[in-house]
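# Understanding the architecture of this molecule
Listed below, chain by chain, are the residues.
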Amino acid sequence: MGREDREFETKLKSDTPPMGDGPLPVEPYVSAEFFEREREAVFKRAWLQVARVEDLPNPGDYLVVDVEVLKSSVILVRGNDGLIRAFHNICTHRGNKVAIKEKGNARGFTCGFHSWVFGLDGKLEHMNGEAYFTGEFNKCDLGLIPLAADSWNGFIFVHAMDKPPQTLREYLGGLAEQLDRFPYDQCERIARYTATPRVNWKVCLDAFQEAFHAIMVHRESLPLSAASADNPHAALTSARFYGPHRSLSAFANPGYLPPDIGMAVGKYGPTFATAKDQFPGINPDNDDNWWFDINVFFPNFFCDVGPGWYFTYNFWPVSENRTRWVMDIYQIKAEHAGGLLAQEHTKVLLRDAVLEDFGTLEDTQQMMESGTLKQIMVSDLEIALRHQMWIIDQWLATA
Amino acid sequence: MSAPLPDAFASLAPFTDKWVLASEKARREARMTSSMEEITAFYNAMKPVLDDAIQHLNQFELEALPEAEQNLLWLCQSLVEVSVAVELFFNPWPRNAYPWEKFAVTY
C-alpha cells in the first residue's frame, strides 16, 4: 500500500515545514524532565490565552486564573480606564495571594495577611505599617507585578516575559488573519466544561487535532459524519501552517443524516450537527464537503469555528502527566426560544462527543508510561501532531 | 397542580413532573437516571409537537416568558437533552463516556 492507494488527499495550502515523516518518540509525552524544558522554553515564551473580554465587562471586574505551568495565579482586572491588565496574584510584602475569590468586582485588592492595598492598576495604594519598614525602598516599585496582556478579537492572552519578543498580533500572524472576520462578539458562551485527566498535555491536545479518530471514537455520537466512501479515513479537506500555529478543515460526509431533533431545532439556529451556511471566518479554502475548522494556537489553545458557533479548548499542563482541560462553547446569541434550542443541541452533542474523546486519554498515558513503546506511528491524517511536536522541538532548541 | 403549560400543549402534562427542569445539570441527571422506556415515552410524546411549540414560544420575548411558556421551553430543552440518547446512543448515556463525575460544569 502506498500514497497511490489513498482515496482522498488533504490539500496543504501553505508551505509544509521540513518536519520529517517517521514515527514520533514517546519520551516527550512521559518525561518529567522534558516537561520542565517545555515549561521554560515554550510556556514562558508564548502568548497564552486565558479569558475573553466578556468575562470582565466593567471597571473593577476581575478574574483569577490559575496558570499551573507558570507556577502562578494570575489576576486579570479591568481598570477604571477600561484597560484589562494582568498581575501575578502575589502581595509584594511577604508573598500572600491578594485575590482569594475566583472572580468579582473590586475597587482594589487588599492582602488578607497585613492589609496592604493595591489599586486596579496594580499600584501600592496603602502600605500598612510603612514607617516600620527600614532600608531603601520605593513604594512605586512595590506595586503588583504585571504580566504582558493583550487581546485579539476579545480573546485575552498573557505573556510571562517582561518584554515579549512579538506583539500578540505578530505572534498570531496568518492564523489571526484567517479568523479575523468571525463575529465572536455576536456570540454568547453557552457552556463551560472542565476536567483534569491524568494525561500529558500533548496526548490530550493531539486527541482533538485530527479527524481520523472520529470513525471509531465517535461511531455512536456522530456516525458516518466525518467519513464517506470517497474519504473513508476522515482525511482533513485542507490544512494550513502559520508559523507555530495551524488550521485544519474537517471533512463532512455529504450523505450524513443529522439526528432528527437536531434537524428540527436547526431550522431556528445553527447547530454543530446541522449548520451548513456560508459564514465569515470559516472554510478559508472553500473546500467542498467542509464541516468545521480546527484552529490550533500554539502552544495550548484551540478555537474551532463553524457557521454560527465556535468552541475553544485550553490544555493547561499541570505536570508531565496531568492536564487541566477547559472547553467553552459559544453560539450566536439566541433571540428567541428556537435559537436557544439550537444552542442546546450544539451543547449536548458536543458534550457527549467530548466524553467519548476522553475515553482514550488516560489509557494511552498509562501505557505510554509503561515504556513498552519507544515511538508512536503518525500518519498524514495526523499531520497536526507532527507539526506540534516539531514546533516544540524548535522552541526547545532555541531556548 | 403541577407545572402549568400553554393550553395547546396540555397533552404533555403527564411529563411535566419529571421533565420541566431549569438547568442543564438537572436535565442531564434526569436523563442519566431514567430508563430507556421513560426516555422514549417522553421523546415520542414531544417530537410531534416540537415545531408547534417552538413557533408558539418564538412569539414571546425570551427574557420574559410567562410561566406556562417557560415550562414548555424547559420541556423542549429536556427533549433536546434526551434526543441523543434515543437517536444516537440507544442508551440513556454514552457507553464509552469518560466518567461524568470527573467533569465539572460551570453553566
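Everything here concerns the structure above.
The sections below set out a description of the structure shown in this document. (Residues numbered from 1 in each chain as written. Chains lettered and ligands numbered in written order. Predicted model: local features only at pLDDT ≥ 70, side-chain atom pairs only at ≥ 80, totals over all residues.)

### A closer look at the overall build of chain A
The cut-off we apply is this: Helix numbers and strand numbers start at the N terminus; a helix is a DSSP run of H or I with at least 4 residues, a strand a run of E with at least 2. We compute the radius of gyration from the C-alpha atoms alone; for a globule the expected value is 2.2 Å times N to the 0.38, where N is the number of residues. Partly exposed residues are those whose C-beta has more than 12 but fewer than 20 other C-beta atoms within 10 Å; with 20 or more the residue is buried, with 12 or fewer it is exposed, and the C-beta atoms are placed from the backbone. Contact between two residues is assigned when their C-beta atoms, built from the backbone, lie within 7 Å.
Of the regular secondary structure elements, chain A holds nine helices and 20 strands. On C-alpha atoms alone, chain A measures out to a radius of gyration of 23 Å, which is about the 21 Å that the 2.2 N^0.38 rule sets for 399 residues. In terms of its C-alpha atoms, chain A occupies a principal-axis envelope of roughly 80 × 55 × 35 Å. By residue count, 46% of the 399 residues in chain A fall in the buried class. Counted over contacts in chain A with a minimum sequence separation of 6, partners at least 24 positions apart contribute 66%.

### Examining the interface of chain B and chain A
Taken together, the contact between chain B and chain A spans 27 residues of the former and 30 residues of the latter. When residues of the side of chain B that touches chain A are traced back to their parent elements, those giving at least two are helix H4 (50-57), helix H5 (67-89) and strand E1 (104-105) of chain B. Here the side of chain B that touches chain A takes eleven residues from H5(B), the largest share from any one element.

### Some thoughts on the sheet that holds strand E11 (residues 146-152) of chain A
All names here are of chain A. Applied cut-off: Strands are labelled as partners when DSSP assigns at least two bridges between them. Each axis is a line fitted through C-alpha atoms, and for a helix only the stretch in contact is used; angles between axes span 0 to 180 degrees, taken between their N-to-C directions.
Here we have seven strands laid out as an open sheet, ordered E3-E12-E11-E6-E5-E4-E7, and antiparallel in their pairing. At either margin of the open sheet sits one strand with a lone partner, and together these are strand E3 (48-52) and strand E7 (103-105). Averaged over all pairs of adjacent strands, the angle between their axes in this sheet comes to 30°, without regard to strand direction. Sheet topology places E3 next to strand E12 (residues 155-159); four bridges connect them, and they run antiparallel. When the bridges of E12 are listed, leucine 48 appears paired with valine 158.

### Observations regarding the packing of helix H7 (residues 337-357) of chain A against H5(B)
Inclusion rule: Put simply, angles under 35 degrees are roughly parallel, angles over 145 are roughly antiparallel, angles from 65 to 115 are roughly perpendicular, and the rest are oblique. Each helix crossing is assigned a hand: it is left-handed if the near helix lies turned anticlockwise from the far helix by less than a right angle, otherwise right-handed if that turn is clockwise. Here the term charged refers only to Asp, Glu, Lys and Arg, the term nonpolar to Ala, Val, Leu, Ile, Met, Phe, Trp, Tyr, Cys and Pro, and the term polar to all other amino acids, Gly among them.
One way to put it is that H7(A) packs onto H5(B) with a least axis distance of 9 Å and a crossing angle of 30°. Between H7(A) and H5(B), the angle is such that the two are roughly parallel. Judged by the sense of rotation from one axis to the other, the crossing of H7(A) with H5(B) is right-handed. From H7(A), A:Ala337, A:Leu341, A:Glu344, A:His345, A:Val348, A:Leu349 and A:Asp352 reach across to H5(B), where they touch B:Leu73, B:Cys76, B:Gln77, B:Val80, B:Glu81 and B:Val84. A per-class count over the contact of H7(A) with H5(B) returns eight nonpolar, two polar and three charged.

### Some details on the sheet that holds strand E16 (residues 290-297) of chain A
Strands sit in the order E1(A)-E14(A)-E15(A)-E16(A)-E17(A)-E18(A)-E19(A)-E13(A)-E1(B) across an open sheet of nine strands; the sheet is mixed. Every other strand in the sheet has two partners, leaving strand E1 (11-12) of chain A together with E1 of chain B as the edge strands with one partner each. Note that strand E13 (residues 187-195) of chain A and E1(B) share two bridges and pair antiparallel. When the sheet's bridge partners are listed, A:Thr194 is paired in E1(B) with B:Ala104. Here helix H9 (residues 383-397) of chain A sits on the sheet in contact with strand E14 (238-242), strand E15 (245-251) and E16 of chain A, set at roughly 170° to E15(A).

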